[in-house]
Amino acid sequence: MSAIKIAPSILASDFARLGEEVSAICEAGCDYVHVDVMDGHFVPNITIGPSVVKALKPHSTKPFDVHLMISPVDPYIADFAEAGADIVTFHPEAGHHPHRTIQSIKAAGCKAGLSLNPGTPLEMLWPLLGDLDLVLVMSVNPGFGGQSFIESQLARIETIRKRIDAEGLDIELEVDGGINFETAPRAITAGANVLVAGTATFKGGPSAYASNIAALRDEK
Ligand code: DX5
Ligand code: ZN
(Lines give C-alpha, C1' and ligand atoms only; values in the text may rest on other atoms or scores of the structure.)
(Ligands and ions follow the chains in the order given, each with its own letter.)
Protein backbone atom coordinates (compact mmCIF):
# COMPACT_ATOMS: atom_id res chain seq x y z
CA MET A 1 0.00 0.00 0.00
CA SER A 2 1.17 3.57 -0.64
CA ALA A 3 2.43 5.83 2.15
CA ILE A 4 -0.08 7.30 4.58
CA LYS A 5 -1.32 10.77 3.70
CA ILE A 6 -2.77 13.29 6.14
CA ALA A 7 -5.54 15.64 5.03
CA PRO A 8 -6.32 18.20 7.76
CA SER A 9 -9.92 19.39 7.67
CA ILE A 10 -9.83 23.18 7.84
CA LEU A 11 -13.26 23.01 9.45
CA ALA A 12 -11.39 22.79 12.77
CA SER A 13 -9.10 25.74 11.98
CA ASP A 14 -9.47 29.37 13.05
CA PHE A 15 -11.86 30.75 10.43
CA ALA A 16 -10.74 34.30 11.22
CA ARG A 17 -7.24 33.35 10.00
CA LEU A 18 -8.02 30.79 7.29
CA GLY A 19 -5.22 31.72 4.89
CA GLU A 20 -2.58 31.55 7.62
CA GLU A 21 -4.00 28.23 8.83
CA VAL A 22 -3.76 26.71 5.36
CA SER A 23 -0.15 27.91 5.01
CA ALA A 24 0.66 26.55 8.46
CA ILE A 25 -0.62 23.03 7.79
CA CYS A 26 1.20 22.93 4.46
CA GLU A 27 4.45 23.93 6.17
CA ALA A 28 3.70 21.40 8.90
CA GLY A 29 3.80 18.57 6.37
CA CYS A 30 0.22 17.74 5.44
CA ASP A 31 -0.44 15.99 2.12
CA TYR A 32 -3.82 17.44 1.19
CA VAL A 33 -5.90 20.38 2.41
CA HIS A 34 -9.35 18.93 3.16
CA VAL A 35 -12.12 21.45 2.53
CA ASP A 36 -15.57 20.57 3.93
CA VAL A 37 -18.32 22.22 1.93
CA MET A 38 -21.76 22.07 3.58
CA ASP A 39 -25.02 23.56 2.37
CA GLY A 40 -27.49 23.39 5.28
CA HIS A 41 -29.62 21.10 3.11
CA PHE A 42 -27.74 17.84 2.44
CA VAL A 43 -26.23 18.24 5.93
CA PRO A 44 -27.43 20.47 8.76
CA ASN A 45 -24.39 22.77 8.80
CA ILE A 46 -23.33 25.57 6.44
CA THR A 47 -19.64 26.23 5.81
CA ILE A 48 -17.90 27.70 2.77
CA GLY A 49 -18.21 27.92 -0.99
CA PRO A 50 -16.05 28.33 -4.11
CA SER A 51 -15.08 31.94 -3.47
CA VAL A 52 -13.38 30.96 -0.20
CA VAL A 53 -11.64 28.03 -1.91
CA LYS A 54 -10.35 30.45 -4.56
CA ALA A 55 -9.11 32.88 -1.92
CA LEU A 56 -7.29 30.12 -0.05
CA LYS A 57 -5.62 28.50 -3.04
CA PRO A 58 -2.60 30.88 -3.14
CA HIS A 59 -1.93 30.08 0.51
CA SER A 60 -1.49 26.36 -0.21
CA THR A 61 1.40 24.31 -1.55
CA LYS A 62 -0.66 21.09 -1.32
CA PRO A 63 -3.58 19.76 -3.38
CA PHE A 64 -7.08 20.79 -2.35
CA ASP A 65 -9.24 17.81 -1.38
CA VAL A 66 -12.75 19.26 -1.63
CA HIS A 67 -15.47 17.27 0.13
CA LEU A 68 -18.86 18.37 -1.14
CA MET A 69 -21.71 17.74 1.29
CA ILE A 70 -24.19 19.56 -0.90
CA SER A 71 -27.20 18.66 -3.01
CA PRO A 72 -27.36 19.05 -5.94
CA VAL A 73 -23.67 18.70 -6.81
CA ASP A 74 -23.53 18.99 -10.60
CA PRO A 75 -24.25 22.74 -10.93
CA TYR A 76 -21.25 23.58 -8.71
CA ILE A 77 -18.53 21.31 -10.11
CA ALA A 78 -17.16 23.85 -12.56
CA ASP A 79 -17.10 26.57 -9.88
CA PHE A 80 -15.06 24.44 -7.49
CA ALA A 81 -12.72 23.28 -10.27
CA GLU A 82 -12.09 26.87 -11.33
CA ALA A 83 -11.59 27.88 -7.71
CA GLY A 84 -8.71 25.42 -7.41
CA ALA A 85 -10.11 22.06 -6.28
CA ASP A 86 -7.78 19.18 -7.19
CA ILE A 87 -9.95 16.34 -5.89
CA VAL A 88 -13.75 16.71 -5.80
CA THR A 89 -15.62 14.19 -3.66
CA PHE A 90 -19.39 13.91 -3.48
CA HIS A 91 -22.06 11.72 -1.90
CA PRO A 92 -24.12 9.41 -4.15
CA GLU A 93 -27.31 10.43 -2.33
CA ALA A 94 -26.79 14.03 -3.45
CA GLY A 95 -27.95 13.41 -7.01
CA HIS A 96 -29.67 10.94 -9.29
CA HIS A 97 -26.76 10.09 -11.60
CA PRO A 98 -23.49 9.55 -9.74
CA HIS A 99 -21.70 8.13 -12.79
CA ARG A 100 -22.47 11.29 -14.71
CA THR A 101 -21.25 13.40 -11.79
CA ILE A 102 -17.93 11.50 -11.82
CA GLN A 103 -17.60 12.18 -15.54
CA SER A 104 -18.33 15.87 -15.00
CA ILE A 105 -15.70 16.14 -12.26
CA LYS A 106 -13.08 14.55 -14.51
CA ALA A 107 -14.12 16.70 -17.47
CA ALA A 108 -13.52 19.73 -15.24
CA GLY A 109 -9.93 18.55 -14.76
CA CYS A 110 -10.24 17.21 -11.21
CA LYS A 111 -9.83 13.80 -9.63
CA ALA A 112 -13.15 12.24 -8.64
CA GLY A 113 -14.05 10.85 -5.23
CA LEU A 114 -17.18 9.14 -3.91
CA SER A 115 -18.07 9.45 -0.23
CA LEU A 116 -20.02 6.81 1.64
CA ASN A 117 -22.00 7.74 4.73
CA PRO A 118 -21.95 5.21 7.58
CA GLY A 119 -25.29 3.84 6.35
CA THR A 120 -24.67 3.95 2.60
CA PRO A 121 -24.69 0.41 1.16
CA LEU A 122 -21.41 -0.63 -0.46
CA GLU A 123 -23.52 -1.78 -3.43
CA MET A 124 -23.68 1.89 -4.44
CA LEU A 125 -19.90 1.92 -4.76
CA TRP A 126 -19.06 -1.24 -6.69
CA PRO A 127 -20.43 -0.29 -10.15
CA LEU A 128 -18.54 3.02 -9.96
CA LEU A 129 -15.28 1.81 -8.43
CA GLY A 130 -13.29 1.59 -11.65
CA ASP A 131 -14.16 5.19 -12.55
CA LEU A 132 -13.01 6.69 -9.27
CA ASP A 133 -9.72 8.18 -8.09
CA LEU A 134 -10.70 8.15 -4.42
CA VAL A 135 -13.20 6.51 -2.07
CA LEU A 136 -14.04 8.39 1.13
CA VAL A 137 -15.46 6.36 3.98
CA MET A 138 -17.26 8.58 6.49
CA SER A 139 -16.56 7.38 10.02
CA VAL A 140 -19.08 9.90 11.39
CA ASN A 141 -22.32 11.19 9.97
CA PRO A 142 -21.41 14.22 7.87
CA GLY A 143 -22.13 17.73 9.06
CA PHE A 144 -19.85 18.50 11.99
CA GLY A 145 -16.28 18.15 13.17
CA GLY A 146 -15.39 16.77 16.56
CA GLN A 147 -17.66 13.70 16.52
CA SER A 148 -16.78 10.20 17.73
CA PHE A 149 -15.46 7.55 15.35
CA ILE A 150 -18.08 4.97 14.32
CA GLU A 151 -16.44 1.57 14.81
CA SER A 152 -18.54 -0.27 12.24
CA GLN A 153 -16.78 1.60 9.44
CA LEU A 154 -13.50 -0.28 9.98
CA ALA A 155 -14.95 -3.46 8.47
CA ARG A 156 -16.20 -1.48 5.48
CA ILE A 157 -12.73 0.00 4.95
CA GLU A 158 -11.31 -3.54 5.00
CA THR A 159 -13.85 -4.73 2.45
CA ILE A 160 -13.16 -1.82 0.10
CA ARG A 161 -9.37 -2.19 0.47
CA LYS A 162 -9.59 -5.88 -0.47
CA ARG A 163 -11.62 -5.09 -3.55
CA ILE A 164 -9.29 -2.25 -4.67
CA ASP A 165 -6.26 -4.50 -4.28
CA ALA A 166 -7.94 -7.53 -5.87
CA GLU A 167 -8.81 -5.48 -8.93
CA GLY A 168 -5.38 -3.82 -9.00
CA LEU A 169 -6.91 -0.33 -9.01
CA ASP A 170 -5.03 2.89 -8.34
CA ILE A 171 -7.56 4.41 -5.95
CA GLU A 172 -6.98 6.26 -2.68
CA LEU A 173 -8.99 5.06 0.30
CA GLU A 174 -9.72 7.96 2.63
CA VAL A 175 -11.38 7.93 6.04
CA ASP A 176 -13.05 11.02 7.52
CA GLY A 177 -14.39 11.70 11.01
CA GLY A 178 -13.19 11.08 14.54
CA ILE A 179 -9.61 10.35 13.47
CA ASN A 180 -7.21 10.81 16.38
CA PHE A 181 -4.05 9.14 17.69
CA GLU A 182 -6.09 6.13 18.83
CA THR A 183 -8.30 5.62 15.76
CA ALA A 184 -5.70 6.54 13.10
CA PRO A 185 -3.64 3.35 13.42
CA ARG A 186 -6.79 1.26 13.36
CA ALA A 187 -8.03 2.92 10.18
CA ILE A 188 -4.59 2.38 8.62
CA THR A 189 -4.59 -1.28 9.62
CA ALA A 190 -8.04 -1.64 8.05
CA GLY A 191 -6.62 -0.33 4.78
CA ALA A 192 -7.09 3.44 4.63
CA ASN A 193 -4.19 5.38 3.10
CA VAL A 194 -5.54 8.95 3.49
CA LEU A 195 -6.64 10.18 6.91
CA VAL A 196 -8.79 13.30 7.27
CA ALA A 197 -8.20 14.88 10.66
CA GLY A 198 -9.66 18.18 11.81
CA THR A 199 -9.71 18.31 15.58
CA ALA A 200 -6.57 16.14 15.91
CA THR A 201 -4.53 18.32 13.53
CA PHE A 202 -5.49 21.74 14.83
CA LYS A 203 -5.40 20.87 18.53
CA GLY A 204 -2.83 22.97 20.40
CA GLY A 205 -2.47 25.72 17.79
CA PRO A 206 0.10 26.28 15.02
CA SER A 207 3.13 25.22 17.03
CA ALA A 208 1.60 21.75 17.41
CA TYR A 209 0.54 21.13 13.79
CA ALA A 210 3.76 19.45 12.63
CA SER A 211 3.92 17.07 15.58
CA ASN A 212 0.18 16.33 15.34
CA ILE A 213 0.48 15.47 11.64
CA ALA A 214 3.59 13.36 12.19
CA ALA A 215 1.92 11.48 15.03
CA LEU A 216 -1.17 10.73 12.93
CA ARG A 217 0.95 9.52 10.02
CA ASP A 218 3.41 7.43 12.00
CA GLU A 219 1.00 5.54 14.24
CA LYS A 220 0.57 2.10 12.73
C1 DX5 B 1 -17.63 15.98 8.71
C2 DX5 B 1 -16.43 16.39 7.87
C3 DX5 B 1 -15.12 16.03 8.47
C4 DX5 B 1 -14.84 16.64 9.80
C5 DX5 B 1 -13.71 15.95 10.46
O6 DX5 B 1 -18.80 16.19 8.02
O7 DX5 B 1 -16.51 15.78 6.60
O8 DX5 B 1 -14.07 16.33 7.55
O9 DX5 B 1 -14.58 18.01 9.73
O10 DX5 B 1 -13.53 16.48 11.72
P11 DX5 B 1 -12.85 15.69 12.92
O12 DX5 B 1 -11.49 15.25 12.45
O13 DX5 B 1 -12.78 16.71 13.98
O14 DX5 B 1 -13.74 14.53 13.26
ZN1 ZN C 1 -14.77 15.93 5.17
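Please refer to the structure placed before this passage.
Residues numbered from 1 in each chain as written. Chains lettered and ligands numbered in written order. Predicted model: local features only at pLDDT ≥ 70, side-chain atom pairs only at ≥ 80, totals over all residues. Heavy atoms only, no water.

## Looking at the coordination of the zinc ion (ligand 2)
Every protein donor of the zinc ion (ligand 2) is listed here as His 34 (NE2), Asp 36 (OD), His 67 (ND1) and Asp 176 (OD), and their distances to the metal cover 2.0 to 2.3 Å. Geometry at the zinc ion (ligand 2) is octahedral, judged from its six donor atoms and the angles of 68 to 167° they form at the metal. Mapped onto the sequence, the residues coordinating the zinc ion (ligand 2) show the spacing H-x1-D-x30-H-x108-D. In this pair, His 34 sits in strand S2 (residues 33-38) while His 67 sits in strand S3 (residues 64-69), placing the two residues 33 residues apart along the sequence. Neither residue differs from the other here; His 34 and His 67 are each classed as buried. (Donors = N, O, S within 2.8 Å, 3.2 Å for Na, K, Ca; no water. Tetrahedral: all angles 85-135°; square planar, octahedral: opposite > 155°, others 65-115°. Helix = DSSP H or I, 4+ residues; strand = E, 2+ residues; numbered from the N terminus. Buried < 20%, exposed > 50% of the residue type's maximum accessible area, 1.4 Å probe, protein only.)

## Description of helix H8 (residues 209-218)
Among the residues of H8, Tyr 209, Asn 212, Ile 213 and Leu 216 are the ones counted as buried. Across the axial projection of H8, the buried residues extend over an arc of 95°, all falling on one side. Where H8 is buried, its residues contact strand S1 (5-8), helix H1 (18-27), helix H6 (183-190), strand S8 (194-197) and helix H7 (199-202). (Arc of directions from axis to C-beta. Contact = heavy atoms within 4.5 Å.)

## Structural notes on the pattern of salt bridges
A full pass over the atoms with the stated rule returns 10 salt bridges. Between Arg 17 and Glu 21 there is a salt bridge, with its nearest N and O atoms 3.7 Å apart. Accessibility expressed as a relative area gives 3% for Glu 21, which makes it buried. Through salt bridges with shared partners, one network takes in Asp 14, Arg 17, Glu 20 and Glu 21. (Salt bridge = Lys/Arg side-chain N within 4 Å of Asp/Glu carboxyl O.)

## Comments concerning the side chain of Thr 89
Here Thr 89 shows up in strand S4 (residues 87-90). In contact with Thr 89, other than residues within four places in its own chain, are Asp 65, Val 66, His 67, Leu 68, Gly 113, Leu 114, Ser 115, Leu 134 and Leu 136.

## Brief notes about the nonpolar core
Membership of the largest hydrophobic core comes to 64 residues, with the highest contact counts inside it found for Ile 10, Ile 160 and Leu 195. Each residue touching Leu 195, except ones within four places of it in the same chain, is listed here: Ile 4, Lys 5, Ile 6, Ala 7, Val 175, Ile 179, Ala 184, Ala 187, Ile 188 and Leu 216. (Core = buried A, V, L, I, M, F, W, Y, C linked by side-chain atoms within 4.5 Å.)

## A look at the packing of aromatic side chains
Throughout the structure, instances matching the rule amount to one aromatic pair. An angle of 75° between the planes, with centres 5.1 Å apart, marks the rings of Phe 202 and Tyr 209 as edge-to-face. The same class applies to Phe 202 as to Tyr 209, namely buried. (Phe/Tyr/Trp six-rings, centres within 6.5 Å; stacked < 30°, edge-to-face > 60°.)

## Topic: the side chain of Asn 117
Tracing the chain through its elements places Asn 117 in the loop between strand S5 (111-116) and strand S6 (134-138). For Asn 117, a relative accessible area of 13% puts it in the buried group. Only 3.2 Å separates the side chain of Asn 117 from the side chain of His 91, close enough to count as a polar contact. Ignoring sequence-local partners within four residues, the contact set of Asn 117 consists of Phe 42, His 91, Glu 93, Met 138, Pro 142, Gln 153 and Arg 156. (Polar contact = N/O pair within 3.5 Å; in protein donor to acceptor, adjacent residues only side chain to side chain.)

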